[in-house]
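For reference, the chains in residue letters:
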Amino acid sequence: MTGKVELKGMRFKAYHGCLDEERRLGNEFVVDLCGEYDMDAAAHSDDVGDAVDYSEMYRVVREEMETPSKLLENVAFRIKSRLQKEFPALTSICVSVAKKNPPVEGTVDWSKITL
């Protein structure tokens, strides 16, 4: 039985961006992720050892957010790549990284990349 594990609205202060000011002052970022895997064993056993540990998924996201990048595409790619490597049970992974108040000439709530 395939199901989804999701972590939505993970918030981080991080130092991603192309501008020197972004990399010096930082900004607020919001990360969402969704992964699919066969949940049959976990559903029947009620044992966390049979499930994908979302606290460990959070750890991966937090660690990748601590490494500055110029582009959100790179941040999302690194998160997705680590999750694929560390959680081979996941058959699909979707990662979104949003930057609050991006530096554009106008009012924008966020810029967002989804892989």
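Here, the structure is the one placed above.
The structure presented is a predicted model; accordingly, all values stated were derived computationally and were not measured.

A. Quick look at the overall build of the chain. Within the chain, the secondary structure is distributed over 4 helices and 4 strands. Ordered by position from N to C terminus, the α and β elements of the chain give β-α-β-α-α-α-β-β. Seen through its C-alpha atoms, the chain measures out along the principal axes to roughly 55 × 25 × 20 Å. Looking at the 115 residues of the chain, the share that counts as buried comes to 38%. Residue pairs at least 24 apart in sequence account for 59% of intrachain contacts in the chain once pairs closer than 6 positions are excluded. Within the structure as shown, the chain displays about 7000 Å² of accessible surface, and the carbon and sulfur contribution to it stands at 50%.

B. Representation of helix α3 (residues 54-65) in the model. Between its first and last C-alpha atoms α3 spans 16 Å; for 12 residues at 1.5 Å apiece the expected length is 16 Å, and the two agree. Listing the buried residues of α3 in full gives Met57, Val60, Val61, Glu64 and Met65. An end-on view of α3 places all buried positions within 130° of arc, on one side of the element. On its buried side, α3 packs onto β1 (2-14), β2 (27-38) and α4 (72-86).

C. Broad picture of the pairing of β2. Burial of β2 is extensive: 9 of the 12 residues sit out of reach of the surface. Bridge analysis of β1 against β2 gives 11 bridges, and the strand direction is antiparallel. Across the sheet, residue Arg11 finds its bridge partner in β2, namely Val30. Pairing of β2 with strand β3 (residues 92-100), which is carried by 8 bridges, proceeds in the antiparallel orientation. Directly across from Val30, in β3, lies its bridge partner Ala98.

D. View of the pattern of salt bridges. For the structure shown, the criterion picks out 11 salt bridges. Arg11 is the partner of Glu28 in a salt bridge, and the nearest nitrogen-oxygen pair spans 3.4 Å. Of the two residues, Glu28 is situated in strand β2 and Arg11 in strand β1; the sequence distance between them amounts to 17 residues. When its relative accessible area of 33% is taken as the criterion, Glu28 is described as partly exposed. When the shortest N-O distance is used, the salt bridge between Arg78 and Glu64 registers 2.3 Å. Of this pair, Arg78 sits in helix α4 while Glu64 sits in helix α3, placing them 14 residues apart in sequence. One exposure class covers both Arg78 and Glu64, and it is buried. Connected through shared salt-bridge partners, Glu56, Arg59, Glu63, Glu64, Arg78, Arg82 and Glu86 make up one network.

Thresholds, definitions, all that
- Residues numbered from 1 in each chain as written.
- Predicted model: local features only at pLDDT ≥ 70, side-chain atom pairs only at ≥ 80, totals over all residues.
- Heavy atoms only, no water.
- Helix = DSSP H or I, 4+ residues; strand = E, 2+ residues; numbered from the N terminus.
- Buried < 20%, exposed > 50% of the residue type's maximum accessible area, 1.4 Å probe, protein only.
- Contact = heavy atoms within 4.5 Å.
- Areas by Shrake-Rupley, 256 points an atom, 1.4 Å probe, with all protein chains shown as cover.
- Expected span 1.5 Å × (residues − 1).
- Arc of directions from axis to C-beta.
- Pairing = 2+ DSSP bridges.
- Salt bridge = Lys/Arg side-chain N within 4 Å of Asp/Glu carboxyl O.

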